[in-house]
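A structural walkthrough
Now for the letters of each chain:
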Amino acid sequence: MDVRVATNAPRVELLLNGQSLGIQEINHTHGDKISGWWKVPYQKGILEAYAYDEEGNVIAQDQKRSFGDPSEIILTTSNTTLQADGVDLAFIEIGMINQKGNPVENANNRVTVKVDGAGRLIGLDNGGDQTDYDQYKGISRRLFNGKLMAIVATTFEAGLIHVKVTSPTLPEASLELTACSPEEKLPNKNPITSNQPSAILTGQQNEIPVRKIEISSDNGQFLNDKQPTANVIATLSPTNTDYQEVEWSVVNDVGIDSNIASIQPNGQQAMVTAFGDGGDFRVRCTSRNGKNTINLISELEFKAKGLGTAYKDPYSFISAGLYDEHEGELTNGNERGVATSRDGESQVGFRDIDFGKEGSDKVTISIFALSSEPYELQIWEGMPGGESSSTLLADAIYQKESKWNVYQEEIFSLSKKLKGVTSLSFVTNKKMHIKGFCFEKQNRAFEQNYAVDADKIYGDHFTKLADRVEQIGNNVSFDFEGLDFGEKGATQIVLYGHSPIDKNSIHIRCFDGEEETANILEFNHTEQYQKKIFPITKVTGIQNISIIFLPGSNFNLSWFQFKE
């Protein structure tokens with residue numbers, strides 16, 4: 001966990017259970033940091049900070065103690081005697097302590113406040129939870145970071161003010177204030193309106209929220225080729241919380257979904273599987289805690305090594321924040337995207353993208369532009385200037401009516417289909433925010449498939465050219481694996497080829513893993529390349545296709561295409 005110690009002293013030391021974690025120097029005049037900062041493995045116990053002057057003398061100290069679930073409500077105020085003038089106020093801090101008397105600094109219990117006697121409740125505020133929509137003028141709210149402020153005002157009558165605070169499963173806490181007759185009566189006879197019961201907008205009445213999620217792993221936190229998986233468990237505190245549902249994900253150190261591991265949820269347990277190297281990743285467990293958005297986040301760090309390269313999937317959304325290389329000044333964009341430079345050229349590069357055998361030439365990019373003017377955007381295979389093999393795929397223009405802080409999608413067509421493992425980069429000379437991108441997944445089953453792109457080519461004799469294979473001789477086979485014909489299937493095949501001899505016999509074999517269908521086609525003599533359509537036995541589902549040229553063949557094949 002990150003531990004920061006704020007101090008105006010020149011040196012600060014951090015100790016965990018009596019063991020020093022080091023002294024850090026802070027140059028408040030010319031330095032680049034204003035606090036001490038440590039990454040500390042969590043242990044129960046005492047965390048202590050000591051500040052030193054230039055001579056090494058301790059001039060300040062503080063400590064934090066680990067804590068468990070709350071066992072008692074604590075009420076504190078600096079003012080127990082008030083003036084009964086209708087405007088004097090007492091600010092009462094509501095907190096929680098555990099059985100050892102240590103403050104529970106992340107307590108978020110729901111409490112109900114009741115004020116009787118010569119006073120009234122006029123405000124409840126938890127000081128900063130932007131996702132808490134319960135009313136300031138209500139009588140029930142959750143604590144935030146272990147605290148809630150109750151504001152009590154006097155009436156125009158002297159006497160005792162009784163403050164009572166209750167919370168499910170905890171003993172009631174009470175505090176007594178005194179309202180004294182004022183020396184001077186104020187002319188204001190319209191006191192601030194008292195708080196009243198109101199609808200609960202965050203969670204529910206008498207709820208027990210989740211205070212903490214603790215993640216543990218039964219196989220450690222280092223995954224490799226011999227142990228690529230681990231079972232992780234989320235322990236909720238308190239155990240009797242009303243919100244038992246959790247959500248799991250795998251992210252990198254800035255919270256972007258990771259591409260080096262996956263997770264299979266099963267309630268408060270999950271199986272994490274690493275399938276590539278890439279340094280650290282984090283298993284994240286979250287709880288909405290009765291809200292519409294994520295309220296609590298807990299993470300457990302893992303390392304993966306010895307598994308090989310983890311490739312990015314272009315057919316799922318790739319966050320721009322996962323860029324591998326760049327040129328120019330980049331900053332963090334909205335929603336974990338990337339923002340390009342306002343002045344000069346920016347390049348944003350992504351490596352190890354696996355387009356598979358099908359490939360794609362259509363990309364959807366989510367962009368937030370600062371104006372409605374046209375924005376030039378180049379899309380490259382590789383990194384322009386940094387790789388001799390880089391190729392310009394599109395010299396595009398993005399132009400939409402700008403909506404502030406709103407990403408809008410645009411589809412761009414590339415000059416060629418990207419296949420296999422390659423890299424991609426975006427180049428622009430204007431400032432824009434790029435959230436990320438994804439490619440349209442294409443199905444080879446019903447597309448033009450060029451012979452040179454076969455998964456395997458083997459046989460006695462053939463010559464591969466840029467967009468065709470010529471001089472195909474005896475027993476030459478072209479294999480195309482995993483073509484998905486779906487339920488509708490295909491009943492025709494189109495061959496674009498050239499037969500220099502009277503007739504070529506071509507065997508079309510389809511195999512789904514269990515059954516095989518075969519068709520023999522006769523492609524007669526042609527003077528040049530020509531399209532011919534042949535009926536075939538209907539094929540459906542996922543098939544491995546082999547195009548086999550029988551003995552005596554002499555054929556030139558450019559492409560083929562199946563038809564429904």
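As a reminder, the structure under discussion sits directly above these lines.
Residues numbered from 1 in each chain as written. Predicted model: local features only at pLDDT ≥ 70, side-chain atom pairs only at ≥ 80, totals over all residues. Heavy atoms only, no water.

1. Considerations on the overall build of the protein chain
Each helix and strand counted, the protein chain has 0 helices and 45 strands in total. For 564 residues, the compact-globule formula gives about 24 Å, and the C-alpha radius of gyration of the protein chain, at 34 Å, lies well above that figure. Its C-alpha atoms give the protein chain principal-axis dimensions of roughly 120 × 60 × 55 Å. The burial tally for the protein chain puts 44% of its 564 residues in the buried class. (Helix = DSSP H or I, 4+ residues; strand = E, 2+ residues; numbered from the N terminus. Rg over C-alpha atoms; globule rule 2.2 N^0.38 Å. Buried < 20%, exposed > 50% of the residue type's maximum accessible area, 1.4 Å probe, protein only.)

2. Some thoughts on the sheet that holds strand 36 (residues 456-458)
Strands in a sheet are paired, the pairing made by backbone hydrogen bonds, and the direction either parallel or antiparallel. With antiparallel pairing, 5 strands are arranged side by side in an open sheet as 36-39-44-41-42. Only two strands of the sheet have a single partner each, and these edge strands are strand 36 and strand 42 (516-524). Looking at each pair of strands side by side, their axes are set apart by 20° on average, direction ignored. Note: strand 36 against strand 39 (residues 476-484), 3 bridges, orientation antiparallel. Across the sheet, tyrosine 458 pairs through a bridge with serine 477, a residue of strand 39. (Pairing = 2+ DSSP bridges. Axes fitted to C-alpha atoms, helices over the stretch in contact; angles between N-to-C directions.)

3. Things to note about the nonpolar core
Core analysis: the largest hydrophobic core is formed by 30 residues, its most contacted members being Phe478, Ile493, Ile506 and Phe562. At the level of elements, strand 38 (469-472), strand 39, strand 40 (490-498), strand 41 (503-511), strand 42, strand 43 (530-539), strand 44 (542-549) and strand 45 (555-563) are the ones that each hand at least two residues to this core. Those residues in contact with isoleucine 506 that lie beyond four places of it in its chain are Leu495, Asn519, Ile520, Leu521, Phe523, Ile547, Ile548, Phe549 and Phe555. (Core = buried A, V, L, I, M, F, W, Y, C linked by side-chain atoms within 4.5 Å. Contact = heavy atoms within 4.5 Å.)

4. Description of the pattern of salt bridges
A full pass over the atoms with the stated rule returns 30 salt bridges. A salt bridge links aspartate 2 to lysine 39; its shortest N-O distance comes to 3.3 Å. Of this pair, aspartate 2 sits in strand 1 (residues 2-6) while lysine 39 sits in strand 4 (residues 35-39), placing them 37 residues apart in sequence. On the basis of relative accessibility, which here comes to 48%, the residue aspartate 2 falls in the partly exposed class. Judged by its relative accessible area of 57%, lysine 39 is exposed. Close ionic contact of arginine 284 with glutamate 299 constitutes a salt bridge, the shortest N to O distance being 2.6 Å. With arginine 284 in strand 22 (residues 279-287) and glutamate 299 in strand 23 (residues 296-304), the pair connects residues that are 15 residues apart, well separated along the chain. (Salt bridge = Lys/Arg side-chain N within 4 Å of Asp/Glu carboxyl O.)

5. What to know about the environment of phenylalanine 222
Along the chain, the position of phenylalanine 222 falls in strand 17 (residues 222-223). On the basis of relative accessible area, phenylalanine 222 is assigned to the partly exposed category, the value being 40%. With 79 residues separating them in the primary sequence, phenylalanine 222 and glutamate 301 have C-alpha atoms 9.1 Å apart. For phenylalanine 222, the contacting residues outside a window of four places in its chain are Gln227, Lys303 and Lys305.

6. Focus on empty space enclosed by the protein
This model, assessed by the stated rule, comprises 1 cavity of 30 Å³ or more. Here the largest cavity defines a volume of roughly 40 Å³. Taken together, Phe368, Ala369, Ser371, Tyr398, Lys400, Glu401, Ser402, Lys403, Val406 and Gln408 make up the lining of the largest cavity. Of the residues contributing to the lining of the largest cavity, the split by class is 4 nonpolar, 3 polar and 3 charged. (1 Å grid on protein atoms, 1.4 Å probe; cavity = no way out; pocket = protein on both sides within 12 Å on 5 of 7 lines; lining within 4 Å. Points joined across faces, edges and corners; volume = space filled by probe spheres on them. Nonpolar A, V, L, I, M, F, W, Y, C, P; charged D, E, K, R; others polar.)

7. Some words on unusual backbone geometry
Most peptide bonds take the trans configuration, and most residues that are not glycine carry a negative phi. Following serine 237, the chain continues to proline 238 via a peptide bond in cis, the omega torsion being -5°. The residue proline 238 is located in the loop between strand 18 (229-237) and strand 19 (247-251) in this model. Residues other than glycine seldom take positive phi values, yet asparagine 17 does so here, at roughly 50°. With respect to the element layout, asparagine 17 can be found in the loop between strand 2 (11-16) and strand 3 (19-25).

8. Remarks on the layout of surface pockets
Within this model, the largest pocket holds a volume of roughly 1900 Å³. Together, 48 residues line the largest pocket, and Met1, Asp2, Tyr42, Asn106 and Lys212 are the ones closest to its centre. Listed by contribution, the elements that provide at least two residues to the lining of the largest pocket are strand 1, strand 2, strand 5 (46-52), strand 6 (58-65), strand 16 (212-217) and strand 23. Element by element, the count of residues in the lining of the largest pocket is highest for strand 23, at 6 residues.

9. Thoughts on the sheet that holds strand 9 (residues 89-97)
With antiparallel pairing, 4 strands are arranged side by side in an open sheet as 7-9-13-11. Each end of this open sheet is capped by a strand with a single partner; those strands are strand 7 (72-76) and strand 11 (119-125). Shown here is a sheet whose adjacent strand axes are inclined to one another by a mean of 30°, direction ignored. Both strand 7 and strand 9 contribute to a ladder of 5 bridges, which runs antiparallel. Bridging from a neighbouring strand, threonine 76 pairs with glutamate 93 of strand 9.

10. Digging into the pairing of strand 44
Burial analysis of strand 44 places 6 of its 8 residues in the buried class, which makes it a mostly covered element. In the sheet, strand 39 pairs with strand 44 via 7 bridges, with the strands oriented antiparallel. Along strand 44, the bridge assignment pairs aspartate 479 with serine 546. The pairing of strand 41 with strand 44 spans 6 bridges and is classified as antiparallel. From the neighbouring strand, isoleucine 508 faces strand 44, where its bridge partner is isoleucine 547.

11. Some thoughts on the packing of aromatic side chains
Following the criterion strictly, the structure yields 18 aromatic pairs and no others. Judged by centre distance (5.4 Å) and plane angle (25°), the ring pair of tyrosine 496 and tryptophan 559 falls under stacked. In this pair, tyrosine 496 sits in strand 40 while tryptophan 559 sits in strand 45, placing the two residues 63 residues apart along the sequence. According to the relative accessible area criterion, tyrosine 496 is partly exposed, its value standing at 27%. On the accessibility criterion, tryptophan 559 (8% relative accessible area) is buried. (Phe/Tyr/Trp six-rings, centres within 6.5 Å; stacked < 30°, edge-to-face > 60°.)

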